[in-house]
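# Structural features, examined
Residue-level listing of the chains:
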Amino acid sequence: MKMINMNNDLKELKEKIFREIKRDEVVNFLKDVLSTPSVSGNELEVAKVFEEWLKKYNIKYDVVAARKESPNIIAYLEGEEKQPTLLFNGHMDTVPEGDLDKWSVDPYGAVIKDDRIYGRGATDMKSALVAMTVAAGLLNYFEVPLKGSLKISYVSDEEPGGEYGTLFLLKNGYLDATYGIVGEPSHLDIVIAHKGVVRFKLITKGVAKHAAYVEEAVNAVEKMAKLIVAISNMKFDVEEHPLLGHPTICAGSTIKGGTAINIVPDRCEATFDIRTIPGLSSDDVYRVLEETIRKEKEKDPEIDVTIEKILVGEASEVKRDSAIVRFAEESVIEILNRKPKIMGCLPACDARFLNHAGIPTICAFGPGGDDCNPHGYDEFVSISEVIDAIKVYVSVILKAVGVKM
Ligand SMILES: [Zn+2]
């Protein structure tokens, strides 16, 4: 009986909260953040805009910066028991706007056409941060007695790799949480896994000679060709992932070698991009790579090669049956009347740091999606979808943090 009352009370509370969502206010918030450029490395101004809105909603926050021009904000709603703690995470930085001639609107004009608002960062991912902030603001406004706590981290530096953003906050103990959600665009479907990436360069060295005297020369491009074939045939000891499929190898994504048509090349450089899946770490990849090179050298002792590591981003995954996935799924069903898709996605995001730190984190659960041109021209988000996201986030917070009623 008590459960039923509790559910009814919660339902009423949610309806009361949803009636208080003001579309104009959400639009103004979106306009403010979208008219403030925040290309990675220059997030200071947009952070100030988020701070203004946090003040408006009376939400407590701290600013923590690894470098002055790229601050991070952590906002809090603290409940009586503080546990469990739900972490919402989103990045304030964007990729550059690119070729202005290819935009039909000003990328920082926050132009509105019908239900769409346009701008760099509209879907990736300032709108999710707006929705998370408004959701927290509403709970604050109604003084909802939370059991646990909510943290929202507004981070810098996600697009270049997260060193000054999520990774910095995590290493310094700011992001302790029971579970988390990264609000990357997913049309409010639930992305529970993403691939990882391992990028490196190989440099082969040879002996240059006149092209007429190849017997005395060592052709560095020819040696690289052998390595490229061997590397593209590498096999990894990992089972196919149900959502992400197999690891992939792009061998020789760029290649450079030789100085003239009649000189045997004594140097060749090639880059490689390998996409991993959960269960295959970057260390595993390098082990297989070194073994492959060793075997090639056995066959051809003239191969002289060095490896230059460029970038590593591990694959990550939150379990399908984890509590946070269940809360997100139930919320979409309740609020939007549809069953969300449970998906994997190929690009990596900040969720990898959180999942690897033992905080089960949904990789993407936010408004907008690939069809909204993230990183492209005329990026946009649907305003009504941002409002849906506010409602869904309110519901997730109530479920994940708990309410004392
Ligand atoms: Zn993003």
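Residues numbered from 1 in each chain as written. Predicted model: local features only at pLDDT ≥ 70, side-chain atom pairs only at ≥ 80, totals over all residues. Heavy atoms only, no water.

Helix and strand counts for the protein stand at 10 helices and 16 strands. Principal axes of the C-alpha set define a box for the protein whose edges measure 85 × 50 × 35 Å. Taken over 405 residues, the protein has a buried fraction of 52%. For the protein, the share of sequence-separated contacts (at least 6 apart) that also reach a separation of at least 24 residues comes to 80%. Total accessible area computed for the protein in this model is approximately 18400 Å², and 50% of it derives from carbon and sulfur atoms. Between the mean site of the 50 positive side-chain charges and the mean site of the 64 negative ones, the protein shows a separation of 2 Å. (Helix = DSSP H or I, 4+ residues; strand = E, 2+ residues; numbered from the N terminus. Buried < 20%, exposed > 50% of the residue type's maximum accessible area, 1.4 Å probe, protein only. Contact = heavy atoms within 4.5 Å. Areas by Shrake-Rupley, 256 points an atom, 1.4 Å probe, with all protein chains shown as cover. Lys, Arg positive; Asp, Glu negative; His and termini not counted. Charge placed at Lys NZ, Arg CZ, Asp CG, Glu CD.)

Sheets are built from strands paired through backbone hydrogen bonds, the pairs being either parallel or antiparallel. Strand order across the open sheet formed by six strands is β1-β2-β6-β3-β7-β15, with mixed pairing between neighbours. Two strands in the sheet have a free side with no partner beyond their single neighbour: β1 (60-65) and β15 (361-362). Helix α10 (residues 383-401) rests against β3 (82-91), β6 (148-155) and β7 (179-182) of the sheet, and its axis sits at about 150° to β3. (Pairing = 2+ DSSP bridges. Axes fitted to C-alpha atoms, helices over the stretch in contact; angles between N-to-C directions.)

We now examine the packing of aromatic side chains. With the rule as written, the count across this model stands at 12 aromatic pairs. A network of ring pairs unites the aromatic residues F29, F50, W53, Y57 and Y154 as a single cluster. Directly above the aromatic system of W53 lies the positively charged group of K56, at a separation of 3.8 Å from the ring centroid. (Phe/Tyr/Trp six-rings, centres within 6.5 Å; stacked < 30°, edge-to-face > 60°. Lys NZ or Arg CZ within 6 Å of the ring centre and 35° of its normal.)

The textbook angles at a metal center are 109.5 degrees for a tetrahedron of four donors and 90 or 180 degrees for an octahedron of six. The protein atoms that coordinate the zinc ion are H91 (NE2), D124 (OD), E184 (OE) and E184 (OE), at distances spanning 1.9 to 2.5 Å. In this structure, the zinc ion is coordinated by four donor atoms arranged in irregular fashion, with angles at the metal of 56 to 143°. In primary-sequence terms, the residues that donate to the zinc ion follow H-x32-D-x59-E. Remark: D124 occurs in helix α4 (residues 122-141) and H91 occurs in strand β3; sequence separation between them is 33 residues. For H91, a relative accessible area of 1% translates into the label buried. (Donors = N, O, S within 2.8 Å, 3.2 Å for Na, K, Ca; no water. Tetrahedral: all angles 85-135°; square planar, octahedral: opposite > 155°, others 65-115°.)

Each assigned domain of the protein is listed here: domain 1 (2-194 + 315-401) and domain 2 (196-313). Its C-alpha centre places domain 1 at a distance of 39 Å from the equivalent point of domain 2. On the domain 2 side, the residues contacting the 11 residues of domain 1 number eight residues. For the pair domain 1 and domain 2, the two sides together bury roughly 760 Å², of which 67% comes from carbon and sulfur. Three residues stand out in domain 1 for area buried against domain 2, namely A315, E317 and L346, and they jointly supply 47% of the buried area on that side. Joining domain 1 to domain 2, the criterion identifies zero salt bridges. Mapped by element, the contributors of at least two residues to the side of domain 1 that touches domain 2 are β8 (190-194), β13 (316-317) and β14 (342-345). The dominant element in the side of domain 1 that touches domain 2, judged by the number of residues it contributes, is β14, at four residues. Grouping the amino acids of the side of domain 1 that touches domain 2 by side-chain chemistry returns six nonpolar, three polar and two charged. (Domains from an automatic or database assignment. Buried area = accessible area lost by both parts, 1.4 Å probe. Salt bridge = Lys/Arg side-chain N within 4 Å of Asp/Glu carboxyl O. Nonpolar A, V, L, I, M, F, W, Y, C, P; charged D, E, K, R; others polar.)

Counting residues in each nonpolar core, the largest one holds 72 residues, and the members touching the most others are F50, L86, I324 and F365. Not counting the four nearest positions on each side in its chain, L86 is found in contact with S149, L150, K151, Y179, G180, I324, V396, I397, A400 and V401. The next biggest cluster of nonpolar side chains, apart from the first, holds 21 residues, and it includes L202, M234, I303 and V305. (Core = buried A, V, L, I, M, F, W, Y, C linked by side-chain atoms within 4.5 Å.)

Most of strand β11 (residues 267-276) sits out of view: eight of its 10 residues are buried. Where strand β9 (residues 196-205) lies against β11, 10 bridges are found, and the strand directions are antiparallel. From the neighbouring strand, V197 faces β11, where its bridge partner is R275. One ladder, built from eight bridges, connects strand β10 (residues 248-257) with β11; its direction is antiparallel. Within β11, the position partnered with T254 by the bridge is T271.

With respect to the helices and strands, the residue H241 is situated in the loop between α6 (220-232) and β10. Discounting chain neighbours no more than four positions away, the residues touching H241 are A193, I277, P278 and E317.

This next bit is on helix α3 (residues 44-56). Helix length check: α3, at 13 residues, gives a terminal C-alpha distance of 19 Å against a target of 18 Å (1.5 Å per residue), a fit within 8%. Residues V46, A47, V49, F50, E51, W53 and L54 constitute the buried set of α3. The inward-facing, buried residues of α3 contact α2 (23-34), β1, β2 (71-77), α4 and β6. (Expected span 1.5 Å × (residues − 1).)

Scanning all chains against the criterion turns up 30 salt bridges. Where R287 meets D284, a salt bridge forms, and the shortest distance between an N and an O atom there is 2.6 Å. Placement of the pair is R287 and D284 together in helix α7 (residues 282-299), with a separation of three residues, close to one helical turn. D284 gets classed as partly exposed once you look at its relative accessible area, which sits at 22%. By sharing partners, the salt bridges in this structure join K14, R326, E330, E334 and K399 into a single network.

A separate point is α7. Helix length check: α7, at 18 residues, gives a terminal C-alpha distance of 26 Å against a target of 26 Å (1.5 Å per residue), a fit within 8%. Turning to α7, its buried residues number three or more, namely S282, V285, Y286, L289, T292, I293 and E296. Buried residues of α7, seen end-on, are gathered within an arc of 125° and therefore sit on one face of the element. Along α7, exposed side chains directed more than 90 degrees from the buried face belong to D283, R287 and E298. Structurally, α7 contributes buried residues whose contacts are with β9, α6, β11 and β12 (305-313). (Arc of directions from axis to C-beta.)

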